[in-house]
Every structure is written in C-alpha cells, then in structure tokens.
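Fold and contact review
The primary structure of each chain is shown beneath.
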Amino acid sequence: MVWGFRVLTRAMAILAVSAIGVRAQTLTIASSAPVTSMDPHYHTLTPNISAHGHIFDRLIDQDAAGRMIPNLALSWTLRDDRTWELKLRDAKFHDGSAFTAEDVAYTLARVPTVKNSPASFQIYTRAVIGTEILDPHTILLKTAAPYPLLPQDLLQVFMLPHKLGAEPANEDFNNGKNTIGTGPFRFVSYQPGSRIALDRNDLYWGAKPHWAHVDYRLISNEAARTASLLAGDVGIIEFVPPADLAKLRQDPKIVLSEIVSNRSIYLWLDHAHDGTMPEVTGPNGEVLPKNPLKDLRVRQALSLAINRAGIVDRVMEGAAIPTKQYLPPGNSNHVNDLLPDPYQPDRAKQLLTEAGFPNGFRIVLHGPNDRYVNDAKIVQAVAQMWQRIGVQTTVDTMPWSSYATRAGKQEFAAFLLGWGVNSGEGTNPLRAQIATWNPERGLGTANRGRYSNPAVDALLDKAMTTMDRGERDKIVLQTMKLAMNDVPAIMLHLQKNIWATRKGLTYVARVDEETRATGVMESKP
Amino acid sequence: MFTWLLRRLFQACFVVLAMTIIVFIGVHVIGNPVDILISPEADQAERAKIIAEMGLDRPLWQQYAYFLGGALHGDLGRSFVFNEPALKLIGGRMPATLELAVTAVLMSMCFGIPLGLYAGLKPNGILGRVIMSGSILGFSLPSFWVGLMLIMTFAVQLGWLPSTGRGETAEILGVRWSFLTWDGLRHMAMPALNLSLYNISLVLRLTRAGVRETLPMDYIKFARAKGLSPARVIFVHVLKNIMIPVVTVLGLELGTTIAFAVVTESVFAWPGMGKLIIDSINVLDRPVIVAYLMMIVLIFITINLVVDILYTVLDPRVRLETKA
C-alpha cells in the first residue's frame, strides 16, 4: 500500500515536472488596462505602448531606470543646432525585410496621418520638419528651431516598415496584416478587451527572448488580478493593488519587484482668480475679497500641514515616497536639496496668522475617485490634516469622466492630480504644468491652476534652446528649484511601480510602468 | 395579431429614440470625452484638432442630427476610443456575454425549478427548510464578493478551475464560442454559477410559492381523487399552472443578465459587453454607449414579445389581441 502510494506520488511528480517544462516556454502576463488598438501610432496610452513594445522597436529606448539607451538607432548626434544625425543598426522586420533609413522617414511621415486618433503621437514627431537619407543606415532629422528634446520624443515612436504604403488601415493592425515590427515578439492574435498572443521572433537583432510564447491577458479588476496570480494562472501581474501588498509580501510563492516611478501625485491650487474665488470663503462662510491661495505663505502653510509620511505609510501602504518635485532621486533632473516639506502644523498656523487668516478659512478640496491609486482616500486624509490648522475643508470627489472636464475649467480651488513623466526629463512637467498657459506656443497645456511666474518662464525658455545636455540639466535643476519653492502646487508623493511574479520568476521593475516579457527572468534555483 | 405586433413595433421605435436623446444629453452634461482620452502632453492646438475630428465642436443638436442621419443608414458611428464601428465592436463582444447569460439562465431553470418544487411539496422537511434558507443567501450576497470567494476557493485553494478569462474557443459560423471546448467550459463554470445564483434563488422561491398556492386548489384535489398518479398531478397539473410567473421572471432576468452581467464579467475578466460598456462610460465613448443601449432596449422588447407569445402557449385563455 505504502509502496503504491510512493509510485503514485513519484508519477505525479514526474507529470508535474513535465507540465512545468511545457509551460516554461509560455509567459502569461496580466495587464491592468485595455489595449485600445494594435496600431502603434493610434493612441498615446501606457497600456498600448506597453503591449506594442513587444512587437515594434523604437529608435531610442529607455532602460529600467529610465535612462536613454540605443535601440534601432545606434547613435544620435547633432550636426548643427537644427540637424540630428542618426546611425541605424542592422535589423530585420518580422516579414524578413531589412530595416533601413527609408522606414524611419516613412514612420515619421505616417504618424500625423493616422485618422480619428483620440490622442495622437504627432506631439512626438511634429518637431521634425524634414528628413534626409544619406545611406540605408544613416538619416538626418531636421527641426525648424533648435530643439534639444528630439531624442526624448523619439522614445515614444515605434518604427513601421515602409512597404505598408500610404495610410495603412487602422483595422489591419488588429488582425495582424499590418502588425509587422522588428521587436522581440511577433504578433499572433489580438482579442480586444481580452488577450494578445505573441510568439518569439527568431530574427530578432538583440538577445534572443527567453519566452517562446507570451499570453498577454487583460484583468482590470484588482482583486481578480491578484487572485489569478495566487492561483498560478498568470506568471506576472502589474499594478499590484496596495491593499494586497502586505499579504503578498508574506506569501512564499510570490516575489515582488518595485521601483519609485516618474508619476507624482499633487494638489493643484487655484491661481486663476485674483479676486473672489467661489470655493474659498472666510471662516464663517463670508465672501473673501482676495483669493488667499495667491499668497505664498498660505500655500506653504497648506503644504506644511500635511503629514506625507503618514499618507505614504497608512493610505498608500508604503507604495510611494514623499516628494516636493516631479522626478525621483537618481534622475539627472532630480534636485537633491529640494526635500519634501516636513509636517509642521504649528509653523503652518503661524504662517496663516501672518497672512491674515488667524482663524483659517473654508475651502473645497476636490479629487477623482477612480483615476489614481487611492485618490479619494488621499483627499480625505489631507482634508483632516488641513482641518487641524483651522482650514475648514469640504471634500468633493467624483468620477474622472466628469472631473477631467471640470478641473480644466478652473472651477476648483484645490484639486488632486497626477503627472507621469514618460521621457524622464525635467522640462516635460515644467513646460506642461508650470509654464504660463500659452496656447500659441503650446506651453502650460496642463497648467490647470493657471500658475504664472515670469522668472520660471524665462529660465525654461533658456533651457529649451540649450542644446548641450549637461548645460541644460543645470538650468533645469535651477528652474525646478525656483518653481517648486514657490509652491505652485502642493506635491505629495511619487508612486511606486510594483509587479508581482510567481516564485521562480523575477521582473526588473521599470520606472516607465511598462510590463515587458523580455524583463521577466526565470531565477536559478 | 398583426395590429398588435405593429403597435409593439411603434412603441419600440419611440423608446429607442427617447433613449438616444437621453444619452446624448447625459454624456454632454457629464463632460468632454477629449479631456479624458487626450494625451496629457498634447497642446491646445492638438486638442482643438481632435475635438473637431470627433465633431464635438458643433452644437449638440447638430451632433444628434448627424447621428440620426447615420443611424438611418445603419451606421451608429465609430468608437472614439477603438476607432471601429460601434456595432462591430459590440457584436464582437456579444457572443461571450450571450453564452454566459444563457448558461446562467439555463442553470437557474435546472436548479431553481426542481429545488423550488421540492421545497413546495415538503415545506416542513429539513431539506426544504435548508433550501429556503440557502436561497436567502443566494439573493442577498453581493455577486462581486461571491465571485471572489469562488475564485479563492476553486482556483486558489483547490486549483480545480481556472481563475479568470475565457479560455479556448471554437468557431461556428465565424463566431467564437467557448461552450464548445472543454477548456472553455471550465472557464465558464464559475462566472455562470456566480451569475445564476441570484436567479436560482428567485426562480426557486417563485416555484415554491406557486406550488404552495396551487396544491390546496380544488382541481388538484379532484385530480388526486380521480386516482391520477402523483407524478402526473405534480408535473402536469401543478407545474404547468405555475409556469406563467416563472416564465415572465426568467424572460426579464435573461434581459437583465445580458445587460448587466458587468460585475461578474469584471471579476472574472470575461471579455463580454458589460465590461465594454463600463469602460466606455468611464471614457464617455458616446457612440458605443448609444449603440449598446439601443441594442439592450431591442433585446428587452424582443424578450417581452417572446414571453407574451409563450403565455398563449402555456395558458390558452390568454389572447394577444387585446380589445381596448
């Protein structure tokens, strides 16, 4: 009987091993948000870019820490202030044709022609006004004015083969006809809202991908995503919900990998109203003649009243770090001596008194409730902290679909938002958020509080015409420090990107939130 | 019969039209889809261009007129998000939802009617009481919680069933169905059960109440006195007579299950229409919202029609031609 049992268990063990052997070639990824199209130039959306990166290559890529590394372009150098020279590598498309300079020119011309795009990639290619092919492996890109950020823009542009011809149909990327890249995996199938199947590309120019097949599944429900990992149905999940972190950290079958991201969470303050701001009233509800948020001391007080360590620890379950700027430590545009504001409620009260509000005032604090990690909870926590320094805070949260429009109309006095710096480069948030709102020059596009500081604008202009990277970084650091010390918005924290894998797999956590099959390794036992 | 059908059709058109107007105004009041979809890095000119491309710069009544014009030609517009015709998008997701909903309703019939019949015949037995208490749990526990508990039990702890997704599919007439493969059925078991729990309880309680009400009736007593077999009394004389409310509820529930399977679909990552519509509402993808709701209205109207016809089969006294 005992013998029989042993034979049975041994047989089962062999079966189990062979089952793993078969499975070892397939990686199943659970993604958190739907991929809206397989056309790599249709929608600038992180889930799309994350999936497309398996099939298509960029000219320039980012490593896990967000530093630029050569990809299809071996080098990018300035010939003069308006001409970039790119040297291209030998690579083959999935159909066997060679990748050449012609494909680069074709791709850059194709991006602006994509029809009905809700968020076009044109913003990353419009700086290029002309291309010149010197030989199949050398191309010149020309810009109208000196533009130092062209390499950063090219991080987002996936290369297509020129033989797709003029205006390749959007739909033909979803059925695989046009889905031809040079990337590590080939397209097999795409089921919208469900899964994407990929096979290893044996013609790949780089290190041969470890996984023969990748099953890229959409599981948007957070609890279900965790459950499918625990059940062993998927090998890796992205955006691990903070609520499950404590449990997963203790689970011996699960490995977590995390990194501080480029996504900051902050509270915008209204700078648009000089006079009365309807959402800010006196301590007894009386109309105030002037908007108190225009006073630096008030903004500093509101910031010093917030216990960031408490929010990070209790609300975010440790999945964030406090910050006073847009980029994480280690980034070349991170200002080392710009530390997160400390928690000093007494100093905050004193500042309010100095500003003429010994009894505080009333304010409405808005936040979305379905957009950022724990967004509504953060807003509630901040409201209680402001209450303690005498600022009577009312919380109003709503779905993003209604929030996004209202926040853009300067209806809110204080409101929570987030900003991810995809390029990992400091002028990006400064140009979009801090620069004065200027539709003609395309500046301050996301400056929803309508903050304006001429000194910052002048420095930023200087940074945008400085072509030398080292010089520019110095100016960016100076601008960032000047701007953030003026508290245009109250910075709260930088989120962490967290992945969880089954034991036996590891993932190299990425700053840019992308989940890449090539980053998933089998750990040696 | 013909005038009755015609009147029904006219009512249907009116309901669909009213619904589209409500959606147009509703979405317009909530916000602007461009603010949600656009890349945060896009500048003001880019934003204006996209708004113009989507036709959102025109006054609402013009947008609506344009939509009506397209709808008359069978074109309900292209999704703002997916750039595919809204109808094609919904059609692509429909089989997944349909098979799940039909399986769930079949399950509620197969479990609900026999259990209800038993509880009605033996109301004081232990099993009868257990069934009735169990049914309270069935319709009072929230389905997202039950769904997660099912996953934790059968997928995580026991490892019997796959946790999420649709599994393998087989193709019939160009449509992919998962009930045709073993793997697909395994994937479907938990979501279908989760979706049917509420309906099982509902059908069970209806059947039991019907049985309890019918048993003391004179014609049942007479049938028994006549010496008919208990099986014939129960299955022909009792069951057939209590089927009308059950069929009504099942019909309505089929519609509700198709239209609002979203919680179950989301918990089990089932790629059906429910998830599509919720995602579309979140990003204000108006063409998809309108097309989806139009289709749901049509489904309800059709189901009601079928239920009305079924009445005449079940009860010969019911006539469709109502004389006003």
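Residues numbered from 1 in each chain as written. Chains lettered and ligands numbered in written order. Predicted model: local features only at pLDDT ≥ 70, side-chain atom pairs only at ≥ 80, totals over all residues. Heavy atoms only, no water.

**Quick notes on the overall build of chain B**
Our working definition: Helix and strand definitions follow DSSP, with helices as H or I runs of at least four residues and strands as E runs of at least two, each counted in order from the N terminus. Burial classes: relative accessible area under 20% of the type maximum marks a residue as buried, over 50% as exposed, and values in between as partly exposed (1.4 Å probe, protein chains only). Contacts: residue pairs with any heavy atoms within 4.5 Å of one another. Only the protein chains shown count as covering a residue, and every accessible area follows the Shrake-Rupley method with a 1.4 Å probe.
Counting its secondary structure elements, chain B contains 13 helices and two strands. Each principal axis of the C-alpha atoms in chain B carries an extent, and together these give about 85 × 60 × 35 Å. Counting across all 324 residues of chain B, residues that qualify as buried make up 47%. Within chain B, contacts between residues separated by at least 24 positions form 72% of all contacts whose residues are at least 6 apart in sequence. Counting every atom, chain B has about 16,300 Å² of accessible surface; 71% of that belongs to carbon and sulfur.

**Remarks on the pairing of strand β6 (residues 128-135) of chain A**
All names here are of chain A. Counted only if it meets this: When DSSP finds two or more bridges between two strands, those strands count as paired.
One ladder, built from six bridges, connects β6 with strand β7 (residues 138-143); its direction is antiparallel. When the sheet's bridge partners are listed, threonine 131 is paired in β7 with leucine 141. The antiparallel pairing of β6 with β7 creates a hairpin that spans two residues between the two strands.

**Considerations on the nonpolar core**
Nonpolar side chains in soluble globular proteins tend to be buried together. For clarity, the cut-off: Put simply, buried Ala, Val, Leu, Ile, Met, Phe, Trp, Tyr and Cys residues joined by side-chain atoms within 4.5 Å make one nonpolar core. Domain boundaries shown here were taken from an automatic or database domain assignment.
Grouped together as the largest cluster of nonpolar side chains are 179 residues, with contacts concentrated most on Leu59(A) and Trp386(A). Of all the elements, helix α13 (residues 286-314) of chain B adds the most residues to this core, at 13 residues. Residue assignment places this core across two domains, with domain 1 (29-218) and domain 2 (261-495) of chain A each supplying three or more. Beyond its immediate stretch of four places on either side in the chain, Trp386(A) contacts Leu267(A), Leu302(A), Ala305(A), Ile306(A), Ile363(A), Leu365(A), Val391(A), Thr393(A), Ala414(A) and Ile490(A). Core analysis: the next-biggest nonpolar cluster, separate from the first, contains 16 residues, Ile113(B), Ile220(B), Val233(B) and Val238(B) among them.

**Some points on the side chain of Ser163(B)**
Looking at where Ser163(B) falls in the secondary structure, it is placed in the loop between α7 (143-157) and β1 (170-172). Excluding residues that lie within four positions of it along the chain, Ser163(B) makes contacts with Ser228(A), Ala231(A), Asp233(A), Ile151(B), Ala155(B), Met190(B) and Phe268(B).

**A few points about the domain arrangement of chain A**
Residue and element names in this part refer to chain A. What counts is decided by this rule: By buried area we mean the combined loss of accessible area, with a 1.4 Å probe, across both parts when two parts are placed together. Just to be clear on terms, a salt bridge is a Lys or Arg side-chain nitrogen sitting within 4 Å of an Asp or Glu carboxyl oxygen. Two N or O atoms count as a polar contact when they lie within 3.5 Å, although within protein this holds only if one can serve as hydrogen donor and the other as acceptor, and sequence-adjacent residues are included solely when both atoms are side-chain atoms. For this classification, the nonpolar set comprises Ala, Val, Leu, Ile, Met, Phe, Trp, Tyr, Cys and Pro, the charged set comprises Asp, Glu, Lys and Arg, and every other residue, Gly included, is treated as polar.
Its domain assignment divides chain A into domain 1 (29-218) and domain 2 (261-495). One C-alpha centre belongs to domain 1, the other to domain 2, and the line joining them spans 34 Å. Taken over both partners, the interface formed by domain 1 and domain 2 buries close to 1,000 Å², and the fraction arising from carbon and sulfur atoms is 56%. For domain 1, the biggest contributors to the area lost against domain 2 are Pro148, Leu149 and Gln152; these three give 47% of the whole. For the pair domain 1 and domain 2, the number of links is zero salt bridges. For the pair domain 1 and domain 2, the number of links is one residue pair in polar contact (both at pLDDT 80 or more). Tallied by class, the residues present in the side of domain 1 that touches domain 2 amount to nine nonpolar, three polar and one charged.

**Here's the deal with a nonpolar patch on the surface**
Residue and element names in this part refer to chain B. Rules: Distance thresholds for patches are 9 Å for like charges and 5 Å for nonpolar side chains (Val, Leu, Ile, Met, Phe, Trp, Tyr), applied to residues having over 30% relative accessible area and no salt bridge.
Nonpolar side chains collect at one region of the surface, where Leu137, Leu141, Phe144, Trp145, Met149 and Val263 lie side by side and expose about 530 Å² of accessible area between them. Broken down by element, the residue count for the nonpolar patch peaks at three residues, all from α7. Among the secondary structure elements, valine 263 is positioned in helix α11 (residues 262-267). Residue classification places valine 263 among the partly exposed residues on the basis of a relative accessible area of 35%.

**Comments concerning the interface of chain B and chain A**
Counting residues at the interface gives 45 residues for chain B and 52 residues for chain A. Of the roughly 3,800 Å² buried at the junction of chain B and chain A (both faces included), carbon and sulfur atoms supply 49%. Broken down residue by residue, the surface that chain B buries against chain A is led by Glu41(B), Gln44(B) and Asn83(B), which jointly contribute 18%. Here chain B is connected to chain A by one salt bridge. Residue Arg78(B) pairs with Glu171(A) through a salt bridge whose shortest N-O separation is 2.8 Å. If you look at where chain B meets chain A, you find 15 residue pairs in polar contact (both at pLDDT 80 or more). Elements that contribute at least two residues to the side of chain B that touches chain A include exactly α2 (33-37), α3 (44-53), α5 (86-121), α7, α11 and α12 (273-282) of chain B.

**Overview of the pairing of strand β10 (residues 213-218) of chain A**
Residue and element names in this part refer to chain A. Counted residue by residue, β10 has five buried out of six residues, so it is predominantly covered. Taken together, the six bridges between strand β1 (residues 26-31) and β10 define a ladder with parallel strand orientation. Its bridge partner being in β10, serine 31 is matched across the sheet by leucine 218. Judged from the five bridges that link them, strand β9 (residues 195-200) and β10 form a sheet pairing that is antiparallel.

**A look at the confidence of the model for chain B**
Detailed reading of the predicted coordinates is not advisable wherever pLDDT falls low. Residue and element names in this part refer to chain B. What counts, and what does not: As a per-residue measure, pLDDT reflects the predictor's confidence and takes values from 0 up to 100.
Chain-level statistics for chain B give a pLDDT mean of 84 and a share of 98% at 70 or above. Looking across chain B, the model is least confident in β1, with a mean pLDDT of 74, and most confident in α5, with 89. Interface confidence for the predicted complex, given as ipTM, is 0.78, next to a pTM of 0.84.

**So, the sheet that holds β7(A)**
All names here are of chain A. As a reminder of what qualifies: In this description, a line fitted to the C-alpha atoms serves as the axis of each element, helices being fitted only across the stretch in contact, and the angle between N-to-C directions of two axes falls anywhere from 0 to 180 degrees.
With antiparallel pairing, four strands are arranged side by side in an open sheet as β4-β5-β7-β6. Edge strands, defined here as strands with exactly one partner in the open sheet, are β4 (73-80) and β6. When strand polarity is set aside, the average angle formed by the axes of neighbouring strands in this sheet is 20°. In the sheet, β4 pairs with strand β5 (residues 83-88) via six bridges, with the strands oriented antiparallel. When the bridges of β5 are listed, tryptophan 76 appears paired with leucine 86. Running at roughly 170° to β6, helix α3 (residues 101-110) makes contact with β5, β6 and β7 of the sheet.

**Topic: the packing of helix α1 (residues 2-30) of chain B against α13(B)**
All names here are of chain B. Which entries qualify depends on this criterion: In these notes the angle categories are as follows: under 35 degrees is roughly parallel, over 145 is roughly antiparallel, 65 to 115 is roughly perpendicular, and the rest is oblique. Handedness of a crossing follows from how the near helix is turned relative to the far one, being left-handed for an anticlockwise turn of less than a right angle and right-handed for a clockwise one.
Across the interface, α1 lies against α13 with an axial gap of 10 Å and an inter-helix angle of 155°. Between α1 and α13, the angle is such that the two are roughly antiparallel. Considering how the two elements wind past one another, α1 and α13 form a crossing that is right-handed. Contacts from Trp4, Leu5, Arg8, Ala12, Val15, Val16, Met19, Thr20, Val23, Phe24 and Val27 in α1 reach Arg286, Ile289, Val290, Leu293, Met294, Val297, Leu298, Ile301, Asn304, Leu305 and Asp308 in α13. For the contact of α1 with α13, a count of residues per class yields 17 nonpolar, two polar and three charged.

**Description of the packing of aromatic side chains**
Note the following rule: Pairing of aromatic rings covers Phe, Tyr and the six-membered ring of Trp, with a centre-to-centre limit of 6.5 Å; geometry is then stacked below 30 degrees between planes, edge-to-face above 60, and tilted otherwise. In this scheme, the term charge over a ring applies when either NZ of a lysine or CZ of an arginine sits within 6 Å of the ring centre and within 35 degrees of the ring normal.
Taken as a whole and assessed by the stated rule, the structure comprises 15 aromatic pairs over all chains. An angle of 75° between the planes, with centres 5.9 Å apart, marks the rings of Tyr266(A) and Tyr326(A) as edge-to-face. Remark: Tyr326(A) occurs in the loop between β14 (320-322) and α11 (345-354) and Tyr266(A) occurs in strand β12 (residues 254-269); sequence separation between them is 60 residues. Note on Tyr326(A): relative accessible area 0%, which makes it buried. Arranged with centres 5.4 Å apart and planes meeting at 75°, the rings of Phe357(A) and Phe361(A) form a pair that is edge-to-face. Phe361(A) matches Phe357(A) in its accessibility class, with the two residues each being buried. What links up through ring pairs into an aromatic cluster is the set Tyr372(A), Trp400(A), Tyr403(A), Phe412(A) and Phe415(A). The ring of Trp437(A) has Arg450(A) sitting right over it, with the charged end atom 4.1 Å from the ring centre. When the ring centre of Tyr66(B) is taken as origin, the NZ or CZ atom of Arg58(B), which lies over that ring, is 5.2 Å away.

**Looking at the confidence of the model for chain A**
The predicted model of chain A averages 90 in pLDDT, with 95% of residues at 70 or higher. With pLDDT under 50 throughout, residues 1-22 of chain A is counted as low confidence; its partners more than four residues away or in other chains account for zero contacts.

**Some remarks on the environment of Pro358(A)**
Residue and element names in this part refer to chain A. The topology assignment puts proline 358 in the loop between α11 and β15 (362-368). Owing to a relative accessible area of 56%, proline 358 belongs among the exposed residues under this scheme. Proline 358 sits 31 residues away from isoleucine 389 along the chain, and the two C-alpha atoms are 9.7 Å apart.

**Section: the pattern of salt bridges**
Residues and elements named next belong to chain A. Within this structure, the stated rule accounts for 34 salt bridges over all chains. Aspartate 461 is paired through a salt bridge with arginine 441; the nearest N and O atoms lie 3.0 Å apart. Of this pair, aspartate 461 sits in helix α15 (residues 454-465) while arginine 441 sits in the loop between α14 (427-434) and α15, and the two are 20 residues apart along the sequence. What makes aspartate 461 partly exposed here is its relative accessible area of 32%. Taking the relative accessible area as the measure of exposure, arginine 441 reaches 51% and is therefore exposed.

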